[in-house]
Amino acid sequence: MNCPSCEKEVAPDSVLCSWCNVFIPVPEKGKKAGFFARFIALLIDPLIAVILVFIGTGIIGGIFSIISDKLGAIMGITAAVVLPILYLIWFLTLLKEGVTPGKRILGLHVVNYQTGENPGLGKMILREIVGRIISMLFLSLGYWWALFDKNSQAWHDKLAGTIVLKAEK
Ligand SMILES: [Zn+2]
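Please read these numbers as outputs of a predicted model, since none were measured by experiment. (Residues numbered from 1 in each chain as written. Predicted model: local features only at pLDDT ≥ 70, side-chain atom pairs only at ≥ 80, totals over all residues. Heavy atoms only, no water.)

Engineer: Would you mind going over the packing of aromatic side chains with me for this structure?
Structural biologist: Pairs of aromatic rings are described using the distance from one ring centre to the other and the angle between the two planes. Tallied over the full model, the rule gives 5 aromatic pairs. Seen in terms of ring centroids, Phe35 and Trp144 are 5.7 Å apart; in terms of plane orientation they differ by 25°. Their pairing is stacked. Residue Phe35 is located in helix 1 (residues 35–65), and its partner Trp144 is located in helix 4 (residues 120–148); the two are separated by 109 residues in the primary sequence. A connected cluster of aromatic rings, assembled from ring pairs, spans Tyr87, Trp90 and Phe91. (Phe/Tyr/Trp six-rings, centres within 6.5 Å; stacked < 30°, edge-to-face > 60°. Helix = DSSP H or I, 4+ residues; strand = E, 2+ residues; numbered from the N terminus.)

This is the structure in structure tokens:
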């Protein structure tokens, strides 16, 4: 089998070209996402949640406490309830598109590893929640797996039948 992009010979069961890193089934979907970029995306996701919820709650509570301490407390508690819900809705909206906040920022996206199609919300929830827990077991072996896997799949990718790509500009 030959790569549709660089036309060099590739292993028949590989979906990433070992020469040019392109996603062989649908080259325009992008190239293999770097391990480091995936790691950074993983750090960005909880960071955004923390910034939005904790700092957002503090700012909103602080602003309203200028008017009165009681109003500040009420608005702070309200924000502490509403902001996580808003974050969850936003997160699920992004998951439906095959990305997370961190992946969107870094231009990464998750696709079905055979067809290149959007995995859909169900598979993304399976990947991000159940899959990540499994990948974290045994010293995060499931994450490191992506470094050596021929299709750069972590365990949570294997479970959901997905692959992470970096979109072409
Ligand atoms: Zn190639």
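Engineer: Explain the side chain of Arg38 here, please?
Structural biologist: Along the polypeptide, Arg38 turns up in helix 1. Residue classification places Arg38 among the buried positions, given a relative accessible area of 14%. Excluding anything up to four places from it in sequence, Arg38 contacts Ala33, Leu108, Arg127, Ala146, Ser152, Ala154, His156, Asp157 and Val164. (Buried < 20%, exposed > 50% of the residue type's maximum accessible area, 1.4 Å probe, protein only. Contact = heavy atoms within 4.5 Å.)

Engineer: Looking at this model, I keep getting lost on the nonpolar core. Mind explaining?
Structural biologist: What tends to happen in soluble globular proteins is that the nonpolar side chains get buried as a cluster. If you look at the biggest cluster of nonpolar residues, it comprises 12 residues: Ala33, Ala41, Ile44, Ile48, Ala49, Tyr87, Phe91, Leu95, Leu108, Val110, Met124 and Val164. Every element with two or more residues in this core is listed here: helix 1, helix 2 (69–96) and strand 2 (108–112). In terms of residue count, the dominant contributor to this core is helix 1 (4 residues). Judged by nonpolar contacts, the second largest core, of 7 residues, contains Val15, Leu16, Val111 and Leu165. (Core = buried A, V, L, I, M, F, W, Y, C linked by side-chain atoms within 4.5 Å.)

Engineer: When you look at helix 2 in this model, what are you seeing that I'm missing?
Structural biologist: The periodicity of an α-helix, 3.6 residues per turn, causes residues three or four positions apart to be oriented the same way. With 28 residues, helix 2 should cover 40 Å at 1.5 Å per step; its first-to-last C-alpha distance of 40 Å lies within 8% of that length. Of the positions making up helix 2, those classed as buried are Gly72, Gly76, Ala79, Leu83, Tyr87, Phe91, Leu94 and Leu95. Against helix 1, helix 3 (101–106) and helix 4 lie the buried residues of helix 2. Once helix 2 finishes, Gly98 follows within two positions and takes phi at roughly 85°, a positive value. (Expected span 1.5 Å × (residues − 1).)

Engineer: Teacher, can you tell me more about the coordination of the zinc ion here?
Structural biologist: Octahedral six-donor coordination of a metal ideally yields angles of 90 or 180 degrees, compared with 109.5 degrees for tetrahedral four-donor coordination. Every protein donor of the zinc ion is listed here as Cys3 (SG), Cys6 (SG), Cys17 (SG) and Cys20 (SG), and their distances to the metal cover 2.2 to 2.3 Å. Bound by 4 donor atoms, the zinc ion shows angles of 106 to 115° at the metal and therefore tetrahedral coordination geometry. One chain supplies every donor to the zinc ion, and in sequence these donors are spaced C-x2-C-x10-C-x2-C. Residue Cys6 is located in the segment before strand 1 (31–32), and its partner Cys20 is located in the segment before strand 1; the two are separated by 14 residues in the primary sequence. A relative accessible area of 29% places Cys6 in the partly exposed class. Residue Cys20 is classed as buried on the basis of its relative accessible area, which comes to 18%. (Donors = N, O, S within 2.8 Å, 3.2 Å for Na, K, Ca; no water. Tetrahedral: all angles 85-135°; square planar, octahedral: opposite > 155°, others 65-115°.)

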